[in-house]
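Structural characterization, general
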Amino acid sequence: MRDDKDNIIVSKTFDFALKIIDYSEKLRSNHKYEMCSQLVKSGTSIGANVWEAQNAESNADFIHKFKISAKEADETNYWLKLCKASKHLPNPDEELFSELASIIRISSKIISSSKKR
């Protein structure tokens, strides 16, 4: 059985996915289904790829999974900024932006240090 309790990026991305789901429920309750769907897909995929990287077959595979996660984080940032800028969508909490920025910083460092191996 996996024990990711001490793995900060696994924990952060899992918690972030839960918060994205919570925010997406606000979108769903406002009948913004398309935006809800986009945000849930990209926002939960960040952690799914980090999770998958924990069982990578090689260092290259590990880096590849983290790069996919980084792309999903970037896409999530786009959707959140769009929600914030739109007068037709509920405004996301600033906490989502700061947590996402933290995830991006940590992921970038992991990718960078993994390339040096």
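Refer to the structure above for everything that follows.
These figures come from a predicted structure and were not determined experimentally.

Moving on, we get to a nonpolar patch on the surface. A surface patch of nonpolar side chains, amounting to about 380 Å² of accessible area, comprises F14, L18, I21 and W51. The topology assignment puts I21 in helix α1 (residues 8-29). Given the relative accessible area of 36%, I21 is considered partly exposed.

Further remarks concern the environment of A53. Note on placement: A53 falls in helix α2 (residues 33-53). Setting aside its immediate chain neighbours within four residues, A53 contacts F62, K65 and F66.

All chains considered together, the criterion is met by 2 aromatic pairs. For the ring pair F62 and F66, a centre distance of 4.9 Å and an interplane angle of 45° mean the geometry is tilted. Of this pair, F62 and F66 both sit in helix α3 (residues 59-85), 4 residues apart, which is roughly one turn of the helix. The pair formed by F62 and F66 is uniform in burial state, with each residue classed as buried. Positioned above the aromatic ring of F97, the side-chain terminus of K84 is 5.4 Å from the ring centre.

Next up on the list: helix α4 (residues 94-115). End to end, α4 covers 32 Å across 22 residues, agreeing with the expected 32 Å (1.5 Å per residue, within 8%). Looking at the buried positions of α4, the neighbouring elements they touch are α1, α2 and α3.

The tally for this structure, following the rule as stated, stands at 0 disulfides. Looking at the unpaired C36, the closest cysteine sulfur is the one in C83, lying at 9.5 Å.

Moving on, we come to the packing of α1 against α3. Relative to each other, α1 and α3 sit at 30°, their axes nearing to 13 Å. With respect to α3, the element α1 is oriented roughly parallel. Judged by the sense of rotation from one axis to the other, the crossing of α1 with α3 is left-handed. Packed against α1, whose contacting residues are I9, F16, I20, Y23 and L27, the element α3 presents F66, T76, L80 and C83 at the interface.

Cut-offs applied
Residues numbered from 1 in each chain as written. Predicted model: local features only at pLDDT ≥ 70, side-chain atom pairs only at ≥ 80, totals over all residues. Heavy atoms only, no water. Patch = residues over 30% accessible without salt bridge, like charges linked within 9 Å, V, L, I, M, F, W, Y side chains within 5 Å. Areas by Shrake-Rupley, 256 points an atom, 1.4 Å probe, with all protein chains shown as cover. Salt bridge = Lys/Arg side-chain N within 4 Å of Asp/Glu carboxyl O. Helix = DSSP H or I, 4+ residues; strand = E, 2+ residues; numbered from the N terminus. Buried < 20%, exposed > 50% of the residue type's maximum accessible area, 1.4 Å probe, protein only. Contact = heavy atoms within 4.5 Å. Phe/Tyr/Trp six-rings, centres within 6.5 Å; stacked < 30°, edge-to-face > 60°. Lys NZ or Arg CZ within 6 Å of the ring centre and 35° of its normal. Expected span 1.5 Å × (residues − 1). Disulfide = S-S within 2.5 Å. Axes fitted to C-alpha atoms, helices over the stretch in contact; angles between N-to-C directions. Parallel < 35°, antiparallel > 145°, perpendicular 65-115°, else oblique. Left-handed = near helix turned anticlockwise from the far one by under 90°.

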